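Close look at the chain arrangement
Here is what each chain is made of, one letter per residue.
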Amino acid sequence: MAGCSVTGSGSSSPSVSSTVSTDPSQTLSFPFELDATPYMASPCDVLSPELLESRGYPADGKELEETGPGGQGLVDLTDPSCSWGAENATHAQVVTVALSDHASEGIEAAWERVRERHRSGVLQLWEELDVNGYPTAYYALRDNRDRGDCAMMIAVSRSDLVTVSAGPYMNDPGQACSDVLDFVADSIGYLNEGA
């Protein structure tokens, strides 16, 4: 992924790099910390309507109800989250954004917990990279990116984590991760505007 660029309407030409260290002793770094707190009450506002519509999703998302622990133990599904169903997809294509606060344990501890799940085999997929300097990772129980499912998490501060997932993109599997990268960049832009 080194040298890749993606565009998001909330951010201009973000840089994507795979040079993030997986050394647990190294602390995560940020260009500056973004505050997701204002969006905890309105997670559907984290992505721009223009970008969503350009990818075939409605501008308005549906805030998800509290459903209990999930997200492969990475995100609690009681965390604020929003989902958009594709308008013209032949399959149940969905993009979901979740926001989580890890202030009690700290983002490094949360990030390391997920790394450990990968090392122990719980997660098949864990690929670290950064988007605009923010620690980011592809993650999944099974790596189904070739089937059009893609999920990324991004640490935006010492306490806040954003996850974005999309799929299934049955007709164009490679587009799922491209869209997720754009949605991640867009969320950085929106959080940055609120900073």
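Everything numeric in this text was worked out from a predicted model, so none of it was measured.

A count of helices and strands for the protein gives four helices and 11 strands. By the burial criterion, 47% of the 195 residues in the protein qualify as buried. Of the roughly 8800 Å² of accessible surface on the protein, a fraction of 48% belongs to carbon and sulfur atoms.

Turning our eyes to something else, we now look at the environment of Ala36. Relative to the helices and strands, Ala36 resides in the loop between strand 2 (15-17) and helix 1 (37-40). Those residues in contact with Ala36, other than ones at most four positions away along the chain, are Leu99, Asp160 and Leu191.

The full count for this structure, using the stated rule, is 11 salt bridges. The shortest N-O distance in the salt bridge between Glu128 and Arg115 comes to 2.6 Å. Note that Glu128 is positioned in strand 8 (residues 125-131) and Arg115 in helix 3 (residues 107-119), a separation of 13 residues in sequence. Note that Arg145 and Asp143 form a salt bridge whose closest N and O atoms lie 2.8 Å from each other.

Another aspect to go through is a negative patch on the surface. On the surface, Glu50, Glu53, Asp60 and Glu87 cluster together into a negatively charged patch. Structurally, the position occupied by Glu50 is in helix 2 (residues 49-54). For Glu50, a relative accessible area of 53% corresponds to the exposed category.

As a further point, take the environment of Ser159. Relative to the helices and strands, Ser159 resides in the loop between strand 10 (150-155) and strand 11 (160-167). For the pair Ser159 and Glu108, spaced 51 residues apart in the sequence, the C-alpha separation amounts to 8.7 Å. Looking at Ser159, its side chain comes within polar contact range of the side chain of Asp160, at 3.4 Å.

What follows is about the side chain of Ser100. Along the chain, Ser100 turns up in strand 7 (residues 94-101). Discounting chain neighbours no more than four positions away, the residues touching Ser100 are Met40, Asp79, Ser159, Asp160 and Leu161.

Take the state of the cysteines next. Overall, the coordinates contain two disulfides when judged by the stated rule. The disulfide partner of Cys150 is Cys177, and the gap between their sulfur atoms is 2.2 Å. The sign of the 105 degrees torsion about the S-S bond sets the Cys150-Cys177 disulfide as right-handed. Placement of the pair is Cys150 in strand 10 and Cys177 in helix 4 (residues 173-194), with a sequence separation of 27 residues. Cys177 shares its class with Cys150; the two are buried.

What counts as what
- Every chain is numbered on its own, with residues counted from 1 as its sequence reads.
- At least 70 in pLDDT is required for a residue's local features to be given in this predicted model, at least 80 for side-chain atom pairs to be given and counted, and no such filter applies to totals for whole chains, interfaces and linings, which use all residues.
- Side-chain numbers come from the whole structure's heavy atoms, not from hydrogens or water.
- The way it works is that DSSP assigns letters per residue, a run of H or I at least four long becomes a helix, a run of E at least two long becomes a strand, and they are numbered from the N terminus.
- Exposure classes here rest on a 1.4 Å probe applied to the protein chains alone. A residue is buried below 20% of its type maximum, exposed above 50%, and partly exposed in between.
- With residues, only the protein chains shown are counted as cover, and all accessible areas are computed by Shrake-Rupley using a 1.4 Å probe.
- Contacts were defined at the residue level, with two residues in contact if any of their heavy atoms lie within 4.5 Å.
- A pair is scored as a salt bridge if a Lys or Arg side-chain nitrogen falls within 4 Å of a carboxyl oxygen belonging to Asp or Glu.
- Patch membership is restricted to residues that have no salt bridge and whose relative accessible area is over 30%. Joining uses 9 Å for like charges and 5 Å for the nonpolar side chains Val, Leu, Ile, Met, Phe, Trp and Tyr.
- The charge count treats Lys and Arg as positive and Asp and Glu as negative. His and the chain ends do not count.
- Lysine's charge is taken at NZ, arginine's at CZ, aspartate's at CG and glutamate's at CD.
- Distance and chemistry together define a polar contact, namely a pair of N or O atoms within 3.5 Å, with one atom able to donate a hydrogen and the other to accept it when in protein, and with adjacent residues in sequence counting only for side-chain atoms on both sides.
- The disulfide criterion used throughout: a pair of cysteine sulfur atoms within 2.5 Å.

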